[in-house]
Amino acid sequence: MKTVLSIFFILWILSSGFAQEIPTLQENILLDRENPKYQTSLEKFYKQRSVTRTISPQVLEAEIEDSLYMVGPGDQLGIHVFGEIEVDFLVTVSPEGMVVIPTIGTLNIGKLSLKEAKKKLKDFINTNYHASTIHIDLISMRKFRVYLVGEVANPGTYFAQATDRVSDIIEVGGGLKDWADETNIQIHHRNGRVDTLDILRFYAFGDKDNNPTVDGGDVIYVPAIDLNSPHVIVEWNKEEINETMNTEQFLFQTKYKRKIYRINNNETLIEFLARIAILDNQVELAHIIVKRAGEEISVDLFDEYNKKDKFILKKGDELIVPDIVDKVYVQGEVLNPGAYPYQVNLTANDYIGMSGILEKSKTGNNILVIRAKSGKVLKGGNVIVNKGDIVVVPRKTRESIRDYLSILTPMVSIIISTYSLYLTISNK
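What you see is a predicted model, and the numbers here were worked out from it, not measured in a lab.

Colleague: Would you mind going over the overall build of the chain with me for this structure?
Modeller: If you tally the helices and strands in the chain, you get eleven helices and 20 strands. The 428 residues of the chain split such that 33% are buried. If you take every contact in the chain between residues at least 6 apart in sequence, the share linking residues at least 24 apart comes to 57%. For the chain, the accessible surface area stands at approximately 26500 Å², while carbon and sulfur atoms represent 55% of it.

Laid out in structure tokens, this is it:
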């Protein structure tokens, strides 16, 4: 009886050990980072440089087209044979492009599309498994190295997959520097081909032709702006989202931006602003300022859309893209001077009422409204106030006289006292 129990215990231990050593197809995906090779790889050292942070499920933007996906070292394929004999194989493409299929042999499928590799594998397997149905899936995509250099925050080596795009690599690399020429990014491929792309077209219009997927060994070079080429300087405020300690809450912060952009020949102001994608509902479209040769030119984009001869940018122009001012400013003799939210069709008296009028304040036609756009001064408490206008509440004249007297009275007293003292000393 003890012998039987001992044999059963040994068999149980062996079966448990083998079960742990032979994972299923799905488990192989999950064990990617638990693999001993991962512990000594550069990928572990540069964990923050991997575009794909989670191994399973793989995050894809669409189904992979087998006619476009190129098979390479590290790809895992699941082979399922159905028929009189049913068997599953999990094969990994070797660094030389080979796969080893147990009981059948080895086959080179490197540099083939996934579609071509599937056909080649099926023909190869059919030599041993006649009259069987063979189904082949791409189980796990390979990881490879790409290189990000130039005007980026963190240049260096990054780990990516065949579905990752240039924008993904740039994002993981900390983004572009202010001097980066986003319209002239180069991708140097291993075969010597060089592609040039305008990443701004992707950010502005979703043009994926200017944001292609990457391949192993690609070098992404972000050049600096060539100051000898036509360029302009743009200043604007940008609202950015910063995560707080609670990841479900976000803090919106407005940051001042100043950046150099290359311009195209005869590019209009409207075309340029649309291309660099900085226009939003917070921009004052009616008051874009262009500094040119010491002169300030105010451009109304609403008028520009209807003009035949549109405003053409020139080399060295400086553009100021102001935010919409949605405040009204109350100053002078009020209880709480400061900025108040703009409300449609309110008068100067309305805003004075919000700020609290004082007894010594002037009212009626003595109220001043300074227009934000033109600088023109209007009088009257019934003037309709616009965004950014300044409402000035002056002091009553008698209050001003009283203030002057309060200042002069001590001075006169001091003078009289000094003179009296002088006479006293002189008489002695």
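Colleague: Got a minute to help me understand the sheet that holds strand β1 (residues 76–82) in this structure?
Modeller: Strands in a sheet are paired, the pairing made by backbone hydrogen bonds, and the direction either parallel or antiparallel. Strand order across the open sheet formed by three strands is β2-β1-β5, with antiparallel pairing between neighbours. At either margin of the open sheet sits one strand with a lone partner, and together these are β2 (87–92) and β5 (133–140). Between one strand axis and the next, the sheet turns by 20° as a mean value, whatever way the strands run. As paired strands, β1 and β5 are joined by seven bridges and run antiparallel to one another. Its bridge partner being in β5, Gln-76 is matched across the sheet by Ser-140. Along the sheet, helix α5 (residues 114–125) contacts β1 and β5; its crossing angle with β5, the most-contacted strand, is approximately 140°.

Colleague: How do you make sense of the confidence of the model for the chain when you look at a structure like this?
Modeller: For any part of a model where pLDDT is low, the fine detail of the predicted coordinates should not be relied upon. When the pLDDT values of the chain are averaged, the result is 80; 78% of them are 70 or greater. Taken together, the stretch residues 13–41 has pLDDT below 50 and engages in 27 contacts with residues farther than four places along the chain or on a different chain. Long-range and interchain partners of residues 243–252, a stretch whose pLDDT sits below 50, account for 13 contacts in this model, where long-range means more than four residues apart.

Colleague: Is there a simple way to explain the pairing of strand β8 (residues 185–188) in this structure?
Modeller: Here is the key point about a regular strand: its side chains alternate between the two faces of the sheet. Note: β8 against strand β9 (residues 194–197), four bridges, orientation antiparallel. For Gln-186, the partnering residue across the bridge sits in β9 and is Thr-196. Counting the residues in the hairpin turn of β8 and β9 gives five residues, including Gly-192, whose phi is positive at 95°. Where β8 lies against strand β10 (residues 219–222), three bridges are found, and the strand directions are antiparallel. Looking across to β10, one finds that His-188 is bridged to Val-219.

Colleague: How should empty space enclosed by the protein be read in this particular structure?
Modeller: Under the defined criterion, the tally for this structure stands at one cavity of 30 Å³ or more. Looking at the largest cavity, the residues that line it are Ala-180, Asp-181, Glu-182, Thr-183, Leu-200, Ile-225, Ile-260, Tyr-261 and Arg-262. The element best represented in the lining of the largest cavity is strand β12 (residues 250–262), accounting for three residues.

Colleague: Please explain unusual backbone geometry as it appears in this structure.
Modeller: One can expect most non-glycine residues to show negative phi and most peptide bonds to be in trans. Unusually for a residue other than glycine, Thr-103 sits at a positive phi of about 70°. Along the polypeptide, Thr-103 turns up in the loop between β3 (98–101) and β4 (105–108). At Ala-293, a residue that is not glycine, the phi angle is positive and equals roughly 55°. Among the structural elements, Ala-293 can be located in the loop between β13 (288–292) and β14 (295–299).

Colleague: Explain the pattern of salt bridges to me, please; I cannot follow it from the model alone.
Modeller: Should the charged atoms of two oppositely charged side chains come close, the side chains can pair. Taken as a whole, this structure holds eleven salt bridges when the rule is applied. Between Asp-215 and Arg-142 there is a salt bridge whose closest N-O contact spans 3.7 Å. Of the two residues, Asp-215 sits in the loop between α7 (199–205) and β10 while Arg-142 sits in the loop between β5 and β6 (144–150), which places them 73 residues apart along the sequence. Salt-bridge contacts for Arg-258 lead to Glu-235; the nearest nitrogen and oxygen are separated by 2.3 Å. Taken together, the residues Arg-258 in strand β12 and Glu-235 in strand β11 (residues 231–243) connect sequence positions 23 residues apart. Judged by its relative accessible area of 41%, Arg-258 is partly exposed.

Colleague: How should the pairing of β14 be read in this particular structure?
Modeller: Where β13 meets β14, five bridges bridge the pair, whose relative direction is antiparallel. Across the sheet, the residue bridging to Ile-289 is Ser-298, located in β14. Between β13 and β14, which pair antiparallel one after the other, the connecting turn spans two residues, and Ala-293 there sits at a positive phi close to 55°.

Colleague: Help me out: how do you make sense of the packing of aromatic side chains in this one?
Modeller: With the rule as written, the count across this model stands at three aromatic pairs. An aromatic cluster of three or more residues is present, and its members are Trp-236, Tyr-261 and Phe-272. The cationic tip of Lys-259 hangs over the ring face of Tyr-261; the distance from NZ or CZ to the ring centre is 5.8 Å.

Colleague: Explain the sheet that holds β6 here, please?
Modeller: Spatial strand order, β7-β6-β10-β8-β9: five strands in an open sheet with mixed pairing. Both edges of this open sheet fall to β7 (156–160) and β9, since each of them pairs with a single strand only. The mean inter-strand angle of the sheet, taken between neighbouring strand axes irrespective of direction, is 25°. Pairing of β6 with β10, which is carried by four bridges, proceeds in the parallel orientation. Its bridge partner lying in β10, Leu-148 is registered against Ile-220.

Colleague: Where do I start with the nonpolar core in this structure?
Modeller: When a protein is soluble and globular, its nonpolar side chains tend to lie buried together. Among the nonpolar cores identified, the biggest contains 39 residues, and Ile-79, Ile-101, Ile-109, Leu-121, Ile-125, Ile-169 and Val-214 are the most heavily contacted of them. Dropping the residues within four chain positions of it, Ile-101 is found in contact with Ile-79, Phe-89, Val-91, Leu-121, Phe-124 and Ile-125. Listed in part, the 21 residues of the second largest apolar core include Leu-200, Ile-270, Val-283 and Ile-288.

Colleague: Would you mind showing me how to read the side chain of Thr-347 here?
Modeller: By the element assignment, Thr-347 lies in the loop between β17 (338–341) and α10 (348–355). Here Thr-347 falls in the buried class, since its relative accessible area comes to 14%. Contacts of Thr-347, omitting those with residues within four sequence positions, involve Gly-381, Asn-382, Val-383, Ile-384 and Val-385.

Procedures and definitions
All residue numbers here refer to positions counted from 1 along the written sequence of the relevant chain. Where totals are concerned, whole chains, interfaces and linings use all residues; where local detail is concerned, this predicted model gives features only for residues with pLDDT of at least 70, and gives and counts side-chain atom pairs only at 80 or more. Neither water nor hydrogens contribute to the side-chain values; these are computed over all heavy atoms in the structure. Counting from the N terminus, the helices are DSSP H or I runs at least four residues long and the strands are E runs at least two residues long. Accessibility here uses a 1.4 Å probe with only protein chains present; expressed as a share of the type maximum, an area under 20% marks a residue as buried, one over 50% as exposed, and anything in between as partly exposed. By definition in these notes, contact holds between two residues if any of their heavy atoms fall within 4.5 Å. Computed by Shrake-Rupley with a 1.4 Å probe, the accessible areas treat only the displayed protein chains as cover when residues are assessed. Pairing between strands requires that DSSP locate at least two bridges from one strand to the other. Helix axes are fitted only over the stretch in contact, all axes being lines through C-alpha atoms; the angle between N-to-C directions runs from 0 to 180 degrees. Values of pLDDT, ranging from 0 to 100, describe the predictor's confidence in every residue of the model. Cavity and pocket criteria rest on a 1 Å grid covering protein atoms alone: a 1.4 Å probe that fits but cannot get out defines a cavity, protein on both sides within 12 Å along at least 5 of 7 lines defines an open pocket, and an atom within 4 Å of a point defines a lining residue. Grid points are joined across faces, edges and corners, and a volume is the space filled by probe spheres set on the points. Whenever a carboxyl oxygen of Asp or Glu lies within 4 Å of a side-chain nitrogen of Lys or Arg, that contact is scored as a salt bridge. Under the pairing criterion, centres of Phe, Tyr and Trp rings, with the six-membered ring standing for Trp, must be within 6.5 Å; the plane angle then separates stacked pairs below 30 degrees from edge-to-face pairs above 60, leaving the rest tilted. Whether a charge sits over a ring depends on NZ of Lys or CZ of Arg being within 6 Å of the ring centre and within 35 degrees of the ring normal. Nine residue types can take part in a nonpolar core, namely buried Ala, Val, Leu, Ile, Met, Phe, Trp, Tyr and Cys, and a core is a set of them joined through side-chain atoms within 4.5 Å.

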